[in-house]
Amino acid sequence: MSIVIFIIGILLLLIMPKLGAQKSNAQKIGGEAFTEVVQTQADLYKSDTGDTTVSLDQLYEKSYLSKKQYEKAKNEKIVIDSDEETK
């Protein structure tokens, strides 16, 4: 019985660090994808309105971003450049 518990403990020690790394990787990819969503919405806004500059506030006011997306973009400090790229 104690051998089984020992083996399970060893397996957990091997698996746990990999789970943490996968979570970090998933968060990074999710952040990059969100930045692309904001940029796509900014491009769509520019195309629809003919404006050359756009801000997060404008995207939210004109319903190109939901309230949740707007707040997340503000929290992550996403800034839309005038040359059609986000940082």
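Look a little higher up for the structure.
This structure is a prediction, so every number in the text was calculated from the model and none was measured. Position numbers for residues count from 1 along each chain, tracking the sequence in the order it is written. Per-residue local features are limited, in this predicted model, to residues with pLDDT of at least 70; the limit for side-chain atom pairs, both in listing and counting, is 80 or more; totals at the level of whole chains, interfaces and linings are taken over all residues. In computing side-chain properties, one takes all heavy atoms of the structure into account and sets aside hydrogens as well as water.

A.B. asks: Could you clarify how one ought to interpret the overall build of the chain in this entry?
C.D. replies: A tally of helices and strands in the chain yields 3 helices and 0 strands. Ordering the α and β elements of the chain from the N terminus gives α-α-α. Values of the radius of gyration come from C-alpha atoms, whereas the globule rule sets the reference at 2.2 Å times the count of residues to the power 0.38. For the chain, whose C-alpha radius of gyration is 21 Å, the value lies well above the compact-globule estimate of 12 Å for 87 residues. Judged by the C-alpha coordinates and their principal axes, the chain covers about 70 × 25 × 20 Å. Buried, partly exposed and exposed residues are distinguished by accessible area as a fraction of the type maximum, computed with a 1.4 Å probe on protein chains only: under 20%, between the cut-offs, and over 50%, respectively. Among the 87 residues that make up the chain, the fraction classed as buried is 21%. Across the chain, contacts joining residues at least 24 apart in sequence account for 42% of those joining residues at least 6 apart. Of the roughly 6700 Å² that the chain leaves accessible, carbon and sulfur atoms contribute 59%. Asp and Glu count as negative and Lys and Arg as positive, but His and the ends of the chain are not part of the count. For this purpose, a charge sits on NZ of Lys, CZ of Arg, CG of Asp or CD of Glu. Distance between charge centroids for the chain: 11 Å, based on 11 positive and 13 negative side chains. Secondary structure elements are taken from DSSP: a helix is a run of H or I of four residues or more, a strand is a run of E of two residues or more, and numbering for both begins at the N terminus. Two residues form a contact once any of their heavy atoms are found within 4.5 Å. The accessible surface values rely on the Shrake-Rupley method and a 1.4 Å probe; as for residues, cover is taken only from the protein chains in view.

A.B. asks: What is the right way to read the environment of Y45 from this model?
C.D. replies: Within the secondary structure layout, Y45 lies in helix 1 (residues 2-49). As for Y45 and N75, which are separated by 30 residues in sequence, their C-alpha atoms are 21 Å apart. In this structure Y45 touches G50, D51, T53, V54, Q58, L59, K62 and Y64, once residues within four positions along its chain are discounted.

A.B. asks: I would appreciate a short explanation of helix 1 in the present structure.
C.D. replies: An α-helical turn contains 3.6 residues, so any two residues separated by three or four positions project in the same direction. Here, expected helix span is obtained from the residue count minus one, scaled by 1.5 Å. Here helix 1 contains 48 residues, and its C-alpha end-to-end distance of 70 Å stays within 8% of the 70 Å for a straight helix at 1.5 Å per residue. Every buried residue of helix 1 is listed here: F34, T35, V38, Q39, Q41, A42, Y45 and K46. In the core, the buried residues of helix 1 are packed alongside helix 2 (56-61) and helix 3 (67-75). G50 occupies a position one or two residues after helix 1 and carries a positive phi of about 85°.

A.B. asks: Quick question: what am I supposed to make of the packing of aromatic side chains here?
C.D. replies: Two descriptors summarise a pair of aromatic rings, namely the distance from one centre to the other and the angle between the planes of the rings. Any two rings among Phe, Tyr and Trp, with Trp reduced to its six-membered ring, count as a pair given centres within 6.5 Å; such a pair is stacked if its planes are under 30 degrees apart, edge-to-face if over 60, and tilted if neither. With the rule as written, the count across this model stands at 2 aromatic pairs. Measuring from centroid to centroid gives 5.3 Å for Y45 and Y64, while their planes differ by 85°, and the two rings are edge-to-face. Of this pair, Y45 sits in helix 1 while Y64 sits in the loop between helix 2 and helix 3, placing them 19 residues apart in sequence. Centre to centre, the rings of Y60 and Y70 are 4.6 Å apart; their planes meet at 20°, and the pair counts as stacked. One end of the pair, Y60, is in helix 2; the other, Y70, is in helix 3, and 10 residues separate them in sequence. What makes Y70 buried here is its relative accessible area of 17%. By the criterion adopted, a ring carries a charge over it if an Arg CZ or a Lys NZ lies within 6 Å of its centre and within 35 degrees of its normal. Above the face of the F34 ring, K72 is positioned so that its terminal group lies 4.7 Å from the ring centre.

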